[in-house]
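Breakdown of the fold
One-letter residues, chain by chain:
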Amino acid sequence: MSPHGAAVPTPAPAHEHGARRTAAAFRAVYGAAPTGLWAAPGRVNLIGEHTDYNGGFVLPLALPHTTVAAATARTDGVLRLHSSDADGGPVELRADDLRPPGAGGWAAYPAGVVWAMRAAGLPVGGADLHYDSTVPTGAGLSSSAALEVVTALALNDLYGLGLDRQRLATLAQRAENAFVGVPCGIMDQTAAACCTAGHALLLDTRDLARRQVPFDLAAGGLRLLVVDTRVRHALADGAYAQRRAGCERGARALGVHTLREVPYARLPETLDALAGEPAVQALVRHVVTENHRVEEVIARLDAGDTRAIGPLLTAGHASLRDDFTVSCAELDLAVDTARAAGALGARMTGGGFGGSAIVLVEAAAAAAVGAAVTDAFAAAGHTAPRIFPAVPSAGAHCLA
């Protein structure tokens with residue numbers, strides 16, 4: 001983006017950039033070729049943040065950055081997990097011994113998938129797995145969901161389970177909720193499992209209805225940039241759980257099952273009913289207005305007016321910053337600088353407390369906007385951000 005920046009090139013498709021390398025690494029670790037190779041992507045969420053665990057709407061798209069897994073089933077119930085991003089040899093566990101909560105560290109995510117499948121009565125045993133990933137970790141791009149979903153897809157094929165993609169996503173979410181201990185919603189896993197290239201995925205998290213929404217930025221002369229602030233978040237540290245608990249408290253106070261049931265048209269009187277709990281009031285205001293913003297974005301995309309979604313992205317950031325209080329100085333700087341440099345709209349994406357922002361720009365202005373953000377970070381004394389285009393890509397799939 002900028003001669004001073006830390007741009008991340010868009011990787012080639014997973015079958016080109018990772019399959020041979022991952023297969024070779026598997027062979028080096030385990031002494032034999034894998035049975036197969038699978039890939040699952042990271043994601044960015046265009047709009048609809050912290051709505052998924054409130055029964056609301058989300059609109060993610062898959063990235064070309066993927067986690068690739070090479071795997072072979074075992075008949076002795078032993079689970080061996082190895083990652084090119086982790087030091088040391090394989091983590092070795094026994095499938096029969098897996099119990100929540102799992103031990104910390106990266107291996108809890110794939111181990112949790114094995115546990116969730118077995119807890120659901122599925123005939124899953126041991127396996128040897130090796131992972132390579134181009135999904136930036138801690139950047140709010142759902143590297144954990146990519147790891148979970150690629151594991152679920154590999155085991156689904158290795159053990160001939162015949163599960164559909166939404167079922168795999170639900171099992172992966174169960175792993176993260178119960179085994180890892182992060183009370184995430186269903187969006188990230190569904191995006192990793194179900195997105196298609198060239199589209200954003202409209203997901204109604206209340207009933208899991210999905211619609212692929214065409215999102216051809218290049219045809220419209222546009223680009224969606226991801227700005228990884230390199231501020232690392234840890235959703236398991238309790239802040240995410242606190243926001244979710246506050247939303248659930250608001251729903252109970254309003255006598256509804258989830259905040260999805262609160263109509264946007266009745267927001268003023270709804271907020272009046274929560275006047276005694278200003279913190280909960282603010283959380284409810286964000287969720288209700290964010291669901292409305294998703295609907296507004298869909299209306300504009302369906303009308304072919306992609307540029308018009310820019311102000312809605314920016315309004316979503318203000319709500320996440322002021323009402324949900326999950327932004328940070330670096331995210332705010334990225335959003336404000338991008339807008340001042342001519343972006344059509346920008347907002348933080350993901351759970352918050354660090355991670356990434358997205359910026360909608362005219363393609364011709366992308367380099368200048370990226371340079372402005374990079375220069376602003378340097379002037380503020382921040383680590384240089386990583387900036388790369390979000391290209392709507394395919395969900396999880398078998399490579400070989």
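As annotated in an unreviewed UniProt entry, the protein is Galactokinase from Streptomyces celluloflavus. Listed in UniProt under the heading Catalytic activity (unreviewed entry), the comment for the protein reads: "alpha-D-galactose + ATP = alpha-D-galactose 1-phosphate + ADP + H(+)". The heading Function (unreviewed entry) in the UniProt record of the protein holds the text "Catalyzes the transfer of the gamma-phosphate of ATP to D-galactose to form alpha-D-galactose-1-phosphate (Gal-1-P)."

**Looking at the overall build of the protein**
When its secondary structure is counted, the protein shows twelve helices and 13 strands. Against the 2.2 N^0.38 benchmark of 21 Å for 400 residues, the protein shows a C-alpha radius of gyration of 21 Å, consistent with a compact globule. Based on the C-alpha atoms only, the size of the protein along its principal axes is roughly 60 × 55 × 40 Å. A burial count over the protein gives 57% of its 400 residues as buried.

**Comments concerning the confidence of the model for the protein**
Here the protein averages 93 in pLDDT, and 94% of its residues register 70 or above. Predicted confidence is poor over residues 1–14, with pLDDT under 50, and the contacts of this stretch with residues over four places away or in other chains come to 38 contacts.

**Considerations on the pairing of strand 8 (residues 209–214)**
Sheet topology places strand 7 (residues 199–204) next to strand 8; six bridges connect them, and they run antiparallel. Across the sheet, residue L202 finds its bridge partner in strand 8, namely R211. Between strand 7 and strand 8, which pair antiparallel and follow one another directly, the connecting turn spans four residues, one of which, L208, has a positive phi of 65°.

**Some points on the sheet that holds strand 9 (residues 222–228)**
Across the sheet, four strands lie side by side as 10-11-9-12; this open sheet has antiparallel pairing. Where the open sheet ends on each side, the last strands, each with one partner, are strand 10 (345–349) and strand 12 (386–389). Ignoring which end each strand starts from, the neighbouring axes of this sheet average 25° apart. For strand 9 and strand 11 (residues 356–362), the ladder comprises seven bridges, and the chain directions are antiparallel. Paired with L224 across the two strands is L360, which belongs to strand 11. Packing of helix 10 (residues 310–322) onto the sheet brings it into contact with strand 10 and strand 11, and relative to strand 10 it is tilted by some 40°. Running at roughly 165° to strand 10, helix 11 (residues 329–340) makes contact with strand 9, strand 10 and strand 11 of the sheet.

**So, the sheet that holds strand 7**
Pairing is antiparallel across the open sheet formed by three strands, whose spatial order is 2-7-8. At either margin of the open sheet sits one strand with a lone partner, and together these are strand 2 (57–58) and strand 8. Here strand 2 runs beside strand 7; their pairing, made up of two bridges, is antiparallel. Within strand 7, the position partnered with F57 by the bridge is D204. In the packing of helix 6 (residues 187–194) onto the sheet, the strands contacted are strand 2, strand 7 and strand 8, and the crossing angle to strand 7 comes to about 135°. The strands touched by helix 9 (residues 278–302) are strand 2, strand 7 and strand 8; relative to strand 8, the strand with the most contacts, the crossing angle is about 45°.

**Some points on helix 12 (residues 366–380)**
Taking 1.5 Å per residue as the helical rise, helix 12 with its 15 residues ought to reach 21 Å, and the 21 Å between its terminal C-alpha atoms agrees with that figure. Every buried residue of helix 12 is accounted for by A366, V369, G370, A371, V373, T374, A376 and F377. Packed against the buried residues of helix 12 are strand 9, helix 11, strand 11 and strand 12. Just downstream of helix 12 lies G381, where phi reads positive at about 80°.

**A few points about the packing of helix 3 (residues 108–119) against helix 4 (residues 143–158)**
One way to put it is that helix 3 packs onto helix 4 with a least axis distance of 9 Å and a crossing angle of 45°. Compared by their axis directions, helix 3 and helix 4 come out oblique. Seen from above, helix 3 lies across helix 4 with right-handed handedness. Every residue of helix 4 that contacts helix 3 at Y109, P110, V113, V114 and M117 is listed here: S144, L147, E148, T151, A152, L155 and N156. Of the residues in the contact of helix 3 with helix 4, the class split is eight nonpolar, three polar and one charged.

The rules behind each value
- Residue positions are counted from 1 within each chain, in the order its sequence is given.
- Where totals are concerned, whole chains, interfaces and linings use all residues; where local detail is concerned, this predicted model gives features only for residues with pLDDT of at least 70, and gives and counts side-chain atom pairs only at 80 or more.
- With hydrogens and water stripped out, all remaining heavy atoms of the structure feed into the side-chain values.
- UniProt positions are given in the numbering used here, feature names are shortened, and annotations may be inferred rather than shown by experiment.
- Helix and strand definitions follow DSSP, with helices as H or I runs of at least four residues and strands as E runs of at least two, each counted in order from the N terminus.
- We compute the radius of gyration from the C-alpha atoms alone; for a globule the expected value is 2.2 Å times N to the 0.38, where N is the number of residues.
- Exposure categories follow from relative accessible area, calculated using a 1.4 Å probe and restricted to protein chains: below 20% of the type maximum is buried, above 50% is exposed, and the middle band is partly exposed.
- What pLDDT conveys is the predictor's confidence in a given residue, as a value from 0 to 100.
- Should any heavy atoms of two residues lie within 4.5 Å, those residues are considered in contact.
- Strand pairing is assigned whenever DSSP identifies at least 2 bridges connecting the two strands.
- Axis lines are fitted through C-alpha atoms, for helices just across the contact stretch, and the angle between N-to-C directions can take any value from 0 to 180 degrees.
- How far a helix is expected to stretch is found by multiplying one less than its residue total by 1.5 Å.
- Roughly parallel refers to an angle under 35 degrees, roughly antiparallel to one over 145, roughly perpendicular to one between 65 and 115, and oblique to any angle outside these ranges.
- Here a crossing is called left-handed whenever its near helix is offset anticlockwise from the far helix by less than a right angle, and right-handed whenever the offset is clockwise.
- In this classification, the charged set is Asp, Glu, Lys and Arg, the nonpolar set is Ala, Val, Leu, Ile, Met, Phe, Trp, Tyr, Cys and Pro, and all remaining amino acids, among them Gly, are polar.

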